[in-house]
Amino acid sequence: MPQAEQMQWIESTTLNRSPQRVLESDSICKLIGHPFSPMPPQDKPLVFLSWSGPRARHAAEALADQLKDILGVRTFFSPRRESIEVGADWHNEIHEAARECAAGIVIITPENQEAPWLLYEAGAVRTAQPEPSRTKALFLGMEKVQYTGILSNFQGVAYEQGDQGKNEILKLVESVNLACKSPASDADLARRFNRQWDEIHEAFEVALSLQHEAPPPERSIEDMTKELLELVRTIRRDQLED
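Residues numbered from 1 in each chain as written. Predicted model: local features only at pLDDT ≥ 70, side-chain atom pairs only at ≥ 80, totals over all residues. Heavy atoms only, no water.

(A) Expanded view of the packing of aromatic side chains. Scanning the model with the defined rule gives six aromatic pairs in all. Where F139 meets Y147, the ring centres are 5.7 Å apart and the plane angle is 50°; that geometry is what we call tilted. Taking 5.6 Å as the distance between ring centres and 35° as the angle between the ring planes, the aromatic pair formed by F193 and W197 counts as tilted. Of the two residues, F193 and W197 both sit in helix 7 (residues 186-209), four residues apart, roughly one turn of that helix. (Phe/Tyr/Trp six-rings, centres within 6.5 Å; stacked < 30°, edge-to-face > 60°. Helix = DSSP H or I, 4+ residues; strand = E, 2+ residues; numbered from the N terminus.)

What follows is the structure, encoded as structure tokens:
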């Protein structure tokens, strides 16, 4: 088998999350004498996904699966059983994940843009990151210019139908890739992304079609600033206690 085909087979096998397939790929590497060895799960970069509401949750769940397939990363997504163990201190788990993650994605929709839980997680990730630019916003069902909340300083992309929406999500995935210690090449990333795009597009369209609560009434800048200050103080106090 030519080396290029060997590496393509190894890559597709390793990105499959089945332990048996990972063991098989490791055996194949040894058999063909290639130095590549699958990275243990705990050594893979972690991506923190923050959401609030049914539409953002559906998009976050789909994005978590696709990022694993495209980049081979781990994802922290709090409602999932594998993200926070039963009986664990969820507060500490969130802050540990925020400190460990290589990148964060905050999914903002018209109905969740002032949700306390979303703001809490976004603040935890942004504060814990050595480079704030590693935390991105993904706007779903709204344009970036429509958002004027306290997370408006986050760099972000907006999903919409058509090629522009695909390009925006690719930018998001590229930013996560660059935050990893060993990023994929541009060619590999594009190939993997194009392979998964139909599934991403379908999942986001389903998310947009879900029923949602009406957006909350507008709040004053003073109220939002006060809430942000309280959030930052809470995060700093938790860090000092740790």
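(B) View of the pairing of strand 1 (residues 46-50). The element strand 1 is extensively covered by neighbouring structure, given that five of its five residues are classed as buried. A two-sided burial pattern is seen for strand 1, the buried positions comprising L46, F48 and S50 on one face and V47 and L49 on the other. With four bridges connecting them, strand 1 and strand 3 (residues 103-108) associate as parallel partners. Opposite V47, over in strand 3, you have A103 as the bridge partner. (Buried < 20%, exposed > 50% of the residue type's maximum accessible area, 1.4 Å probe, protein only. Pairing = 2+ DSSP bridges.)

(C) Highlighting helix 6 (residues 163-179). Helix length check: helix 6 (17 residues) gives 25 Å between terminal C-alpha atoms against 24 Å at 1.5 Å per residue, within 8%. Among the residues of helix 6, G165, E168, I169, L170, L172, V173, S175, V176, N177 and A179 are the ones counted as buried. In this structure, the buried residues of helix 6 make contact with strand 1, helix 3 (54-71), strand 3, strand 4 (135-140), strand 5 (155-159) and helix 7. (Expected span 1.5 Å × (residues − 1). Contact = heavy atoms within 4.5 Å.)

(D) Up close: the sheet that holds strand 2 (residues 74-76). Taken in spatial order, the five strands make up an open sheet running 2-1-3-4-5, and their pairing is parallel. Looking at strand neighbours, the two that pair on one side only are strand 2 and strand 5, the edges of this open sheet. Along the sheet, successive strands turn relative to each other by an average axial angle of 25°, direction set aside. The sheet contact formed by strand 1 and strand 2 spans three bridges and is parallel. Considered in strand 2, the bridge of F48 is made with F76. Against the sheet, helix 3 touches strand 1, strand 2, strand 3 and strand 4, its axis set at about 150° to strand 3. Where helix 7 meets the sheet, its contacts fall on strand 4 and strand 5, and the angle it forms with strand 5 comes to roughly 85°. (Axes fitted to C-alpha atoms, helices over the stretch in contact; angles between N-to-C directions.)

(E) Inspection of the pattern of salt bridges at higher detail. This model, assessed by the stated rule, comprises six salt bridges. Note that R55 is salt-bridged to E111, the shortest N-O span being 3.0 Å. Of this pair, R55 sits in helix 3 while E111 sits in the loop between strand 3 and helix 5 (116-128), and the two are 56 residues apart along the sequence. Neither residue differs from the other here; R55 and E111 are each classed as buried. The partner of K171 in a salt bridge is E168, with the nearest N and O atoms 3.2 Å apart. Of this pair, K171 and E168 both sit in helix 6, three residues apart, which is roughly one turn of the helix. (Salt bridge = Lys/Arg side-chain N within 4 Å of Asp/Glu carboxyl O.)

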